[in-house]
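A look at the structure
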Amino acid sequence: MSELGKIMVLHGPNLNLLGQREPEVYGHTTLAEINTMLQEEAARAGFALEIIQSNVEGELINAIHRAIPECAAILLNPGALTHYSIALRDAIAAVPIPTVEVHLSNIYAREEFRRQSVLAPVCAGQITGFGVLSYRLGLEAAIALAQRSVRKE
Ligand code: DQA
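We now turn to the structure provided with this report. Along each chain, residue indices are assigned from 1 in the same order as the chain's sequence is written. Where totals are concerned, whole chains, interfaces and linings use all residues; where local detail is concerned, this predicted model gives features only for residues with pLDDT of at least 70, and gives and counts side-chain atom pairs only at 80 or more. Derived side-chain values reflect all non-hydrogen atoms in the structure, with water molecules and hydrogen atoms excluded from consideration.

**Quick notes on the site of the ligand**
Any residue with at least one heavy atom within 4 Å of a molecule or strand is counted as near it. Lining the immediate environment of the ligand, one finds Arg 21, Tyr 26, Asn 77, Gly 79, Ala 80, His 83, His 103, Leu 104, Ser 105, Ile 107, Arg 110 and Arg 114. For the purposes of these results, a polar contact is taken to be a pair of N or O atoms within 3.5 Å, where, inside protein, one atom must be able to donate a hydrogen and its partner to accept one; residues adjacent in sequence count only when each atom of the pair is a side-chain atom. In this structure, His 103 approaches the ligand through a side-chain N or O atom, which is 2.8 Å from an oxygen atom. Here Arg 114 contributes a side-chain N or O atom positioned 2.9 Å from an oxygen atom of the ligand. Accessible surface is estimated by sampling points in the Shrake-Rupley manner with a 1.4 Å probe; for residues, cover comes only from the protein chains shown. Surface burial for the ligand is 99%, taken as the share of its 320 Å² of free accessible area covered by protein chains. In the cavity and pocket records, a cavity denotes points on a 1 Å grid over the protein atoms alone where a 1.4 Å probe fits but cannot get out, a pocket denotes an open set with protein on both sides within 12 Å along at least 5 of 7 lines, and lining residues are residues with an atom within 4 Å of a point. Occupancy of a cavity or pocket is assigned to a molecule whenever over half of its atoms lie within 2 Å of that pocket's grid points. More than half of the atoms of the ligand fall within 2 Å of the grid points belonging to the largest cavity.

As structure tokens, then:
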């Protein structure tokens, strides 16, 4: 099948440690395993993925800027930046690309400081609390949004 387009997948701070990091909260699946699953799902729908993990806020912002004009959607787990990064929020708002926010844990069932996402208002939507399934559902949403924008061109 020929490729319909590209979706950017961004993993924020500390997500490189998935599998060993607080497994009782984030599970035992590694980031590499999540990425393989996402690649397979995307390929089935005819999309290529550009996957980036960074512990550095500015690198994630640069990646979002670079997503124009190539990427038709962004799938983002911002990690702790979710709760305070106005700079990341501004980057998402600055690009004309629909962004889907995902979290493995249910941020609304955790500590008070995690119950706010400063990014959610500028994202197309948010999926939180389903473990690895959050990524799968998030990719499904990102693909649907990407297909809409590809069809509009
Ligand atoms: C997280 C939730 C955040 O509060 C936390 O800082 C993370 C992971 C999640 O996927 O559940 O790093 O985004």
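**Observations concerning the state of the cysteines**
To count as a disulfide, a pair of cysteine sulfur atoms needs to be within 2.5 Å. Under the defined criterion, the tally for this structure stands at 0 disulfides. There is no disulfide at Cys 71, and the cysteine sulfur nearest it, in Cys 123, is 15 Å away. Using a relative accessible area of 6% as the deciding quantity, one classes Cys 71 as buried. Classification of residues uses two cut-offs on accessible area relative to the type maximum, computed with a 1.4 Å probe and protein chains only: under 20% is buried, over 50% is exposed, and between them is partly exposed.

**Description of the sheet that holds strand β5 (residues 125-128)**
Strand order across the open sheet formed by 5 strands is β2-β1-β3-β4-β5, with parallel pairing between neighbours. Looking along the sheet, the strands with just one partner apiece sit at the ends: β2 (47-53) and β5. Strand-to-strand twist in this sheet, taken as the mean axis angle between neighbours without regard to direction, amounts to 20°. Two strands are said to pair when DSSP picks up at least two bridges between them. Helix and strand definitions here come from DSSP, where helices need a minimum of 4 consecutive H or I residues and strands a minimum of 2 consecutive E residues; each element is numbered from the N-terminal end. When strand β3 (residues 71-77) meets strand β4 (residues 99-103), the two strands line up parallel, connected through 3 bridges. Bridging from a neighbouring strand, Leu 76 pairs with Glu 101 of β4. Between two residues, a contact is recorded if the distance between any of their heavy atoms is within 4.5 Å. Note on method: axes are straight lines fitted to C-alpha atoms, helices fitted across the in-contact stretch only, with angles between N-to-C directions ranging 0 to 180 degrees. Those strands touched by helix α2 (residues 31-44) are β1 (5-11), β2 and β3, and its axis lies near 160° from that of β2.

**What about the pattern of salt bridges?**
In what follows, salt bridge is the name for a side-chain nitrogen of Lys or Arg lying within 4 Å of a carboxyl oxygen of Asp or Glu. If you walk through the whole model with that rule in mind, you get 8 salt bridges. Among the ionic pairs, Lys 6 bridges to Glu 70, the shortest N-O distance being 2.9 Å. With Lys 6 in strand β1 and Glu 70 in the loop between α3 (57-66) and β3, the pair connects residues that are 64 residues apart, well separated along the chain. Take Glu 70: its relative accessible area is 52%, and that puts it in the exposed class.

**Things to note about unusual backbone geometry**
For the bond running from Ile 68 to Pro 69, omega is 0°, close enough to zero to count as cis. Mapping Pro 69 onto the fold places it in the loop between α3 and β3. Its identity is not glycine, yet Asn 14 carries a phi of approximately 75°, on the positive side. Among the secondary structure elements, Asn 14 is positioned in the loop between β1 and α1 (23-26). One non-glycine residue, Glu 22, adopts positive backbone phi at about 35°. Following the sequence through the fold, Glu 22 ends up in the loop between β1 and α1.

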